[in-house]
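Breakdown of the fold
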Amino acid sequence: MNSQINDLIFDFKLLTKHKKEIEKYLFIPLRKTELCLEIICAKDCDLLSLDKISTKPLKKLFVPKEDILFFLNDFKEKLKIYKLCFKRLEGFEISQTLLDEFLFSLFSFALTKEASDIHIEAKEKSLIIRLRIDGILQQFFTLPKKFFSILSSVIKLKCKLDITQERLPQNGRLSLEFGARKIDFRISIMPIIDGESIVIRILDNSLDSFYLDNLNILPKELALIKKNIKRNSGLIIVTGPTGSGKTTTLYSIMKELASVSKKIISIEDPIEYKIKNVQQIAVNLELNLSFHEILRNLLRQDPDILMIGEIRDEKSLQIAIQAALTGHLVIATLHTNDASSTISRLYDLKAKPFLISCVLRVIVAQRLVLKLCPNCKKKINGFYKAGACLECNMSGFKGRVILAEVLEIDEHLERLIAREDVSIKDYIKSTDFRPFDELKDELLKKGLCSLEEIYKAINI
Ligand SMILES: [Zn+2]
């Protein structure tokens, strides 16, 4: 939403004073002057009733009704956050508790909205707070600029960072308890033209999104993935552009395979989620613990399954192939656009065609597509389109779908790969492999996604 509301700083006292009427008549008071009360409302609001809310004449600024509904959604929680900020600014209470409470309320709000990141940014005249939900950033709060340095200091203090440093990037972590849930936050602070930009990644281990069954992968492709990850050896490649959800798929596979009778080792950079029964190793360049250094020593750890994150060069592909040849199941990611171009990418990385054919078992190429909000999607001319409702923060979307092409390497394809045959792509077309274009139709038929969003995702 690109609303003009986003640039306005609301007066907390006015919001509280008119709290009941606000929700009843759908308006937002902006400021009170000598002459009038400025309010924001939708064109089709109840103007007659509105005129009774104040003895002063009203000056109205009209905005789309969706913007008002968005602002008033979770009004109670939002009001609490405004209150804590204004209380601190007015200096009634300068205690640390007030700021702790502000952070706690803000983080709880982000958690209930199922956000992945909180962005706190200094603008020229204000401080804005945006949340990334299902990959989309939405602005939820606009606060006075003078609150920024207070907030920035308290975050730095909590992460044990240098609070006097405002000109260099800083990184930190902090943990907070929300009832029985302990949640980690990873914080990055970067100097920008109007102050700083603080980005907080929410690392919620309790998230149940890392299950293969919850990724909305189409049934036929899901069955192929499940069948192939049960192998004892070989190479499985998950591929796609940046932001296509490869990490999500990898974590879900790990969770599916994790068991006490298997040694699973993963190399990650950095570790974002802890997974039970998986030995996760973080790349640490400061300690000279590089990706290659870990890989070189990995096989002596007697693993059954290896997750080696991204194959970035010839060397890492070589080690992956070596491990797969010696009786390990290796799962790795690559950066290619679709399943069939992945094979040529492996040739480019100078792997011997014969060895590729020996180890490669399956390629999963994927995209992340926004899922239509089931509460407000509407069918127009046989196609589902996004609506807008409070459940989806007026965005029309809720959750995401992993659209995955799954290419299983059969015996014939194995032979073609071994001799770098030019007919590989033609052969793939003749099998029952379903490329994105075909998967798209099934997704549309199910009404899970809109055509626009599918095209946007496929054509990255
Ligand atoms: Zn909705």
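A word on unusual backbone geometry. Between Asp269 and Pro270 the backbone carries a cis peptide bond, its omega angle lying at -5°. The topology assignment puts Pro270 in the loop between β11 (264-268) and β12 (279-282). Positive phi values are uncommon outside glycine, yet Asp74 reaches one of about 55°. Looking at where Asp74 falls in the secondary structure, it is placed in the loop between α4 (65-72) and α5 (75-89). You can call Asp74 partly exposed: it has 17 C-beta atoms within 10 Å.

Next up on the list: the nonpolar core. Here is a general trend for soluble globular proteins: nonpolar side chains tend to be buried in one another's company. Ranked by size, the top nonpolar core spans 116 residues in total, and within it Ile28, Leu235, Ala320, Val330 and Leu403 carry the most contacts. Per-element tally for this core: the top contributor is strand β15 (residues 360-372), with nine residues.

Next up on the list: the domain arrangement of the protein chain. What the domain assignment reports for the protein chain is domain 1 (1-65), domain 2 (74-204) and domain 3 (212-458). A C-alpha centroid distance of 27 Å is found between domain 1 and domain 2. Contacts between domain 1 and domain 2 engage nine residues on the former and 11 residues on the latter. With three residues, the single largest contributor to the side of domain 1 that touches domain 2 is helix α1 (residues 12-17). Counted by class, the side of domain 1 that touches domain 2 contains five nonpolar, two polar and two charged residues.

With that out of the way, let us pick up the pairing of strand β4 (residues 117-122). Because side chains alternate across β4, one face comprises the buried residues Ile118, Ile120 and Ala122, and the other comprises Asp117, His119 and Glu121, none of which is buried. Note: β4 against strand β5 (residues 126-133), six bridges, orientation antiparallel. Looking at the pairing, Ile118 lines up with Leu131 of β5. The sheet contact formed by β4 and strand β9 (residues 195-203) spans five bridges and is antiparallel. Along β9, the bridge assignment pairs Ile120 with Ile198.

We now examine the sheet that holds strand β2 (residues 37-41). Spatial strand order, β1-β2-β3: three strands in an open sheet with mixed pairing. Of all the strands in the sheet, just β1 (27-32) and β3 (58-62) have a single pairing partner and so form its edges. Averaged over all pairs of adjacent strands, the angle between strand axes in this sheet comes to 25°, irrespective of strand direction. In this sheet, β3 lies alongside β2 in parallel orientation, the contact comprising five bridges. Across the sheet, the residue bridging to Cys41 is Phe62, located in β3.

The next point concerns the environment of Ala404. Within the fold, Ala404 resides in strand β18 (residues 397-408). By the C-beta count within 10 Å, which is 26 here, Ala404 ends up buried. Along the backbone, Ala404 and Phe27 are 377 residues apart, and their C-alpha atoms lie at a distance of 44 Å. Contact partners of Ala404, with chain neighbours within four places excluded, come to Ile217, Glu221, Val364, Ala365 and Gln366.

Moving on to helix α8 (residues 219-228). Regarding α8, the residues found buried are Glu221, Ile225 and Asn228. One face of α8 carries all of its buried residues, which in axial projection span an arc of 75°. Exposed and oriented more than 90 degrees from the buried face of α8 are Pro219, Lys220 and Ala223. In this fold, the buried residues of α8 make contact with β10 (234-239), β15 and β18.

The rules behind these values
- Within any chain, residue numbers begin from 1 and follow the written order of that chain's sequence.
- The predicted origin of the model limits local features to residues at a pLDDT of at least 70 and limits the giving and counting of side-chain atom pairs to 80 or more, whereas totals for whole chains, interfaces and linings rest on all residues.
- Secondary structure is summarised from DSSP: a helix means a run of H or I of at least four residues, a strand means a run of E of at least two, and numbering begins at the N terminus for each.
- Exposure classification rests on a simple neighbour count of other C-beta atoms within 10 Å of a residue's own: a residue reaching 20 or more is buried, one at 12 or fewer is exposed, and one in between is partly exposed. C-beta atoms are placed from the backbone.
- By definition, a nonpolar core groups buried Ala, Val, Leu, Ile, Met, Phe, Trp, Tyr and Cys residues that connect through C-beta atoms lying within 7 Å of each other.
- Per the annotation, domain bounds derive from an automatic or database assignment of domains.
- Once C-beta atoms have been placed from the backbone, residue pairs whose C-beta atoms lie within 7 Å are recorded as contacts.
- Lys, Arg, Asp and Glu make up the charged group, whereas Ala, Val, Leu, Ile, Met, Phe, Trp, Tyr, Cys and Pro make up the nonpolar group; the residues left over, Gly among them, are polar.
- Here, any two strands with at least 2 DSSP bridges between them count as paired.
- Helix axes are fitted only over the stretch in contact, all axes being lines through C-alpha atoms; the angle between N-to-C directions runs from 0 to 180 degrees.
- Directions are taken from the helix axis to each C-beta atom, and the arc is the one they span.

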